[in-house]
Amino acid sequence: MPPLSPKISRFPGTPLNGKASFGALFLCLNTKFYPLNEKSYTFFAYIIFFSYLCSPNRIRMRKWIRMVVFLPVLLAVLPMLLVSCQGAEGERQEAEMNRFIDELMTRMTLEEKLGQLNLPVAGDIVTGEPRISNVGDDIRKGRVGGLFNLKGAAFIREIQRIAVEESRMGIPLLFGMDVIHGYETIFPIPLALSCTWDTAAVARSAQIAAAEATADGICWTFSPMVDITHDGRWGRISEGNGEDPFLGSRMAEAMVRGYQGADLADPTTMMACVKHFALYGLVEAGREYNNVYPDDYHMFNEYLQPYRAAIDAGAGSVMAAFNTVHGVPATGNQWLLTDLLREQWGFKGFVVSDYTAVEELAKHGVCATLEECALQAINAGLDMDMVSDGLEGTLAAAVREGRCSEAVVDRACRRILEAKYKLGLFEDPYRYCDSTRRAQVMLCEAHSAEARRIEGESMVLLKNDKVATNCPAILLLSRWQAAVSTSLISTHTLSTTANTIFNIFVLPKKITVAP
């Protein structure tokens, strides 16, 4: 009988040499279809043993066996090593940030620390009652931590220059704006975006908004609004994602990812601000600033879910709501801003008030003076005061006279400085004022194409049950649109200009309903 050829297996139909081992290796790697557990390892061992018996070259086969056994171990250990390295790098960066801020705060006066907590409005874009103030002088004195609703890279750059070059500490400012569903390129309102059920498209819309806004000087957006509501009388429905907590949570995550990206120091990303914390859509009778008395079951399992999702997605800031929660205004509610948000949910960013919400604590009847309002807010966990000038204007005297702890001021100041550090403003205060990039990205063809695509996804066809064969109202709208196009860009499109409005489809002259 002739000797067996080394190229032929001992048993017909069995794998040649190490091919069975390759099969076992493939199964090891492809854990999506065959998860690694006790049974799978037993199965792999049988394959290796059988291929060893069938192999005409057992010495060579031993090498394959060693590789097949070693690789799963390596693949199991490698992710842990990578996570460990990433964790170590994150700890190193955090330690470096803490050292920088510690050194900076040792050189700051009490008034300069309180200045970081002050967010006045400036410019001609306002979302509340206009306030007249000499912002330039306040910036030079270190009494301003940020500004909002300014527009234009050149204008913002000049104001940032004043803060960096003409104030004693040279701390850069935050610049925020209500960039809700687009900056210059406008997308559907958030309620319509949620109708797409397409989280990738929603994240893309936020990413484009961030790319345009950050080229124009903005590094912080007061979005997403994630309030759940079931009351059609509430006037902010269009800015949210509807009434479903699951959908609202997925949209909240997508918006945060779109705005902030993987690295806040990337100059094409901006910090998100989750609002309005909390339960703003649950106000009695749908009336703004009203009371909220939720039961715990619905509060935790329904209304709070989107806020938690946005926090878990890494949102850098939170805006306190105007309403009360169990009789205590959210802006001065310690259970809400500290016990729940920070201690239970682990939020590490900063909390900003809504427009004049600190001084409006008096209107809720919980405080009598602006100083009392400021004390309740900062002790509850608020870090930045929008427009009221309560924290910056009253707490220096309160600290010196023992009515407020300076440690509380230091805590709030550190949170604002950390946000600026993470945004890269200390490294380059002008990183968001890029006129070259502005010319490239603002209303570019790629952004317009994405807006058209996402707008198409967001359209919801309502059933027309033979109501009419002609729709003169649509024809009237078509004629009227050109004259009042700015009214059609919808809610909170503060940043866009009227000449950027365009139709995404042509309205028909006649609509016929099929029988």
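Everything discussed here concerns the structure shown above.
Residues numbered from 1 in each chain as written. Predicted model: local features only at pLDDT ≥ 70, side-chain atom pairs only at ≥ 80, totals over all residues. Heavy atoms only, no water.

1. Overview of the pattern of salt bridges
Item 1. What the rule picks out here adds up to 32 salt bridges.
Item 2. Residue Asp 410 is joined to Lys 113 by a salt bridge in which the shortest nitrogen-to-oxygen separation is 3.0 Å. Pair noted here: Asp 410 is in helix α15 (residues 406-422) and Lys 113 is in helix α4 (residues 110-115), with a separation of 297 residues, a long-range link.
Item 3. Classification of Asp 410 by relative accessible area gives partly exposed; the value is 23%.
Item 4. Among the charged side chains, a network of salt bridges with common partners joins Asp 137, Arg 140, Glu 158, Arg 161, Glu 165 and Glu 166. (Salt bridge = Lys/Arg side-chain N within 4 Å of Asp/Glu carboxyl O. Helix = DSSP H or I, 4+ residues; strand = E, 2+ residues; numbered from the N terminus. Buried < 20%, exposed > 50% of the residue type's maximum accessible area, 1.4 Å probe, protein only.)

2. Thoughts on the side chain of Ser 388
Item 1. If you trace the backbone, Ser 388 turns up in the loop between β10 (385-386) and α14 (390-400).
Item 2. Only 3.4 Å separates the side chain of Ser 388 from the backbone oxygen of Thr 356, close enough to count as a polar contact. (Polar contact = N/O pair within 3.5 Å; in protein donor to acceptor, adjacent residues only side chain to side chain.)

3. What about the pairing of strand β5 (residues 273-277)?
Item 1. Of all five residues making up β5, five are buried, and the element is well covered by its neighbours.
Item 2. Across three bridges, β5 lies against strand β6 (residues 317-320) in parallel orientation. Across the sheet, the residue bridging to Cys 273 is Ser 317, located in β6. (Pairing = 2+ DSSP bridges.)

4. Description of the sheet that holds strand β4 (residues 220-221)
Item 1. If you trace the three strands from one edge of the open sheet to the other, you get β2-β3-β4, paired in parallel fashion. Only two strands of the sheet have a single neighbouring strand rather than two, namely β2 (146-148) and β4.
Item 2. As defined by bridge partners, strand β3 (residues 174-177) adjoins β4 across two bridges and the pair is classed as parallel. Across the sheet, Met 177 pairs through a bridge with Thr 221, a residue of β4.

5. Things to note about the nonpolar core
Item 1. Ranked by size, the top nonpolar core spans 125 residues in total, and within it Leu 147, Trp 220 and Phe 277 carry the most contacts.
Item 2. Residue contributions to this core peak at eight residues, all from helix α8 (residues 199-215).
Item 3. Once you skip the residues sitting within four places of it in the chain, Leu 147 turns out to touch Leu 119, Pro 120, Ala 122, Val 135, Ile 139, Ile 159, Leu 173, Leu 174, Phe 175 and Gly 176. (Core = buried A, V, L, I, M, F, W, Y, C linked by side-chain atoms within 4.5 Å. Contact = heavy atoms within 4.5 Å.)

6. So, the state of the cysteines
Item 1. Scanning all chains against the criterion turns up zero disulfides.
Item 2. The cysteine Cys 367 is free of any disulfide, with Cys 373 supplying the nearest cysteine sulfur at 4.1 Å.
Item 3. Using a relative accessible area of 10% as the deciding quantity, one classes Cys 367 as buried. (Disulfide = S-S within 2.5 Å.)

7. Focus: the packing of helix α10 (residues 296-303) against helix α11 (residues 305-312)
Any two packed helices are characterised by how steeply their axes cross, that is the angle between the axes, and by the distance between the axes.
Item 1. One way to put it is that α10 packs onto α11 with a least axis distance of 5 Å and a crossing angle of 45°. Relative to α11, α10 is oriented oblique. Listed contacts from α11 to Phe 300, Asn 301, Glu 302 and Tyr 303 of α10 are Gln 305, Pro 306 and Tyr 307.
Item 2. A class-by-class count of the residues in the contact of α10 with α11 yields four nonpolar, two polar and one charged. (Axes fitted to C-alpha atoms, helices over the stretch in contact; angles between N-to-C directions. Parallel < 35°, antiparallel > 145°, perpendicular 65-115°, else oblique. Nonpolar A, V, L, I, M, F, W, Y, C, P; charged D, E, K, R; others polar.)

8. As for α10
Item 1. Every buried residue belonging to α10 is among Met 299, Glu 302 and Tyr 303, and all of these are buried. Buried positions in α10, seen along its axis, are confined to an arc of 110° and lie on one side of it.
Item 2. Buried residues in α10 make contact with α9 (245-260), α11 and α12 (334-344).
Item 3. At the N-terminal boundary of α10, the capping side chain belongs to Asp 295, with an oxygen 3.2 Å from the backbone nitrogen of Tyr 297. (Arc of directions from axis to C-beta.)

9. Quick word on the packing of α9 against α11
Item 1. In contact at an axis separation of 8 Å, α9 and α11 are set at 25° when each is read in the N-to-C sense. On the basis of the axis angle, α9 is roughly parallel to α11. Considering only the axes of α9 and α11, their crossing is right-handed. Residues Pro 245, Gly 248, Ser 249, Arg 250, Ala 252, Glu 253 and Val 256 of α9 touch α11, and the partners they reach there are Gln 305, Pro 306, Ala 309 and Ala 310.
Item 2. Residue composition of the contact of α9 with α11, grouped by class: six nonpolar, three polar and two charged. (Left-handed = near helix turned anticlockwise from the far one by under 90°.)

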